[in-house]
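Residue-level structural notes
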Amino acid sequence: MSTKLVPAEPYDYTFDPERAALLVIDMQRDFVYPGGFGEALGNDTRSLLAAVAPTQVVLAAARETGLLVVHTREGHRPDLADLAPSKRARGRLAAGIGDPGPMGRILVRGEHGHGIVDELAPLPSEPVVDKPGKGSFYATDLDAILQAKDIRYLIVTGVTTEVCVTSTVREANDRGYECLVLSDCVASYFPEFHQTAIEMIKAQGGIFGWVAPSEQFLAALSDDTSAGVPSTT
Ligand code: TIU
């Protein structure tokens, strides 16, 4: 497969599809669906729901093209042994992590709310990485999974833009991965935080990575003429 070029900010993103993975971060019922933990925190989940449809299209294209797809889920062991007391206490919530919530125990592995939304359900062949923190590399085997497949390019989707997406992109950047964040496939409860997080990723010549709308990525993925893209840009 040839090198692909995506018109992106701050400049064109080039990637080798054979060394690229689609990362779908924390598209869990508890964050995305009305009636979940996200809403119980006082958030409006509509902007997160809006990211589901474009991510579905990208997921289908990635599967069709044979890109590695990796899903992540934020959550904890049922015995909460991996839940830092600081994280449990944060927010002084009436119902916090590990407590009964609208969709089962909040952010506990195996509970309904911890699961990935139906629209983006992982295939049995797709790795699902359970993570106790915000960054997807912290205390997980994500790096080992990517290294085993010689992955260098990460196409990043998921929620929320300024929390788990940004933490993951920063971690990935320090590990040598080239991240393209799809702006309509990431979302925040706070539109202004979403916008600023996007700006921070692509500022200073792409200090953490690149940003493009998913349609630009999809066009590049299906474009067989983007062979021979200069690798020096
Ligand atoms: N996945 C993720 O972003 N976890 C969060 O807790 N996000 C919030 O924005 N709260």
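For clarity, every value in this text was computed on a predicted model and none was experimentally measured.

On to the site of the ligand, then. Residues in close proximity to the ligand include D26, F31, E74, K134, V159, T160, V163, C164 and Y189, which together make up its full environment. A distance of 2.7 Å is found between a nitrogen atom of the ligand and a side-chain nitrogen or oxygen belonging to D26. Protein chains shield 87% of the accessible area of the ligand, which is 290 Å² for the free molecule. When atom positions are compared with the pocket grids, the ligand is found to occupy the largest pocket.

This part covers the packing of helix α7 (residues 161-174) against helix α8 (residues 191-206). Their axes nearest at 10 Å, the elements α7 and α8 cross at an angle of 15 degrees. In terms of axis orientation, α7 runs roughly parallel to α8. The interaxial crossing formed by α7 with α8 has right-handed handedness. For the pair α7 and α8, contact is made by T161, E162, T166 and R170 and by F193, H194, A197, I198 and M200, respectively. Here the residues of the contact of α7 with α8 sort into 4 nonpolar, 3 polar and 2 charged.

A word on the packing of aromatic side chains. For the coordinates displayed, the defined rule picks out 7 aromatic pairs. Each ring, one from Y11 and one from W210, has its centre 5.5 Å from the other, and the planes form 85 degrees; the classification is edge-to-face. Remark: W210 occurs in strand β10 (residues 210-212) and Y11 occurs in the loop between β1 (4-6) and β2 (13-15); sequence separation between them is 199 residues. Of the residues examined, Y11 reaches a relative accessible area of 38% and is grouped as partly exposed. Seen in terms of ring centroids, F190 and F193 are 4.9 Å apart; in terms of plane orientation they differ by 45 degrees. Their pairing is tilted. A relative accessible area of 32% places F190 in the partly exposed class. Through a chain of ring-to-ring contacts, three or more aromatic side chains come together here, namely Y11, Y13, F15, Y153, W210 and F217.

What follows is about the pairing of strand β9 (residues 178-187). A large share of β9 lies buried, amounting to 7 of its 10 residues. Alignment of strand β8 (residues 153-159) against β9, held across 6 bridges, turns out to be parallel. The partner of V156 across the bridge, within β9, is V181. Of the crossover connections in this fold, the one passing from β8 over α7 to the parallel β9 is right-handed. The pairing of β9 with β10 spans 3 bridges and is classified as parallel. Residue pairing for β10: L180 is matched across the bridge by W210. For the segment spanning β9, α8 and β10, crossover handedness is right-handed.

Reading the values: the criteria
- Residues numbered from 1 in each chain as written.
- Predicted model: local features only at pLDDT ≥ 70, side-chain atom pairs only at ≥ 80, totals over all residues.
- Heavy atoms only, no water.
- Near = heavy atom within 4 Å.
- Polar contact = N/O pair within 3.5 Å; in protein donor to acceptor, adjacent residues only side chain to side chain.
- Areas by Shrake-Rupley, 256 points an atom, 1.4 Å probe, with all protein chains shown as cover.
- 1 Å grid on protein atoms, 1.4 Å probe; cavity = no way out; pocket = protein on both sides within 12 Å on 5 of 7 lines; lining within 4 Å.
- Sits in = over half its atoms within 2 Å of the grid points.
- Axes fitted to C-alpha atoms, helices over the stretch in contact; angles between N-to-C directions.
- Helix = DSSP H or I, 4+ residues; strand = E, 2+ residues; numbered from the N terminus.
- Parallel < 35°, antiparallel > 145°, perpendicular 65-115°, else oblique.
- Left-handed = near helix turned anticlockwise from the far one by under 90°.
- Contact = heavy atoms within 4.5 Å.
- Nonpolar A, V, L, I, M, F, W, Y, C, P; charged D, E, K, R; others polar.
- Phe/Tyr/Trp six-rings, centres within 6.5 Å; stacked < 30°, edge-to-face > 60°.
- Buried < 20%, exposed > 50% of the residue type's maximum accessible area, 1.4 Å probe, protein only.
- Pairing = 2+ DSSP bridges.
- Right-handed = clockwise from strand over helix to strand, strands pointing away.

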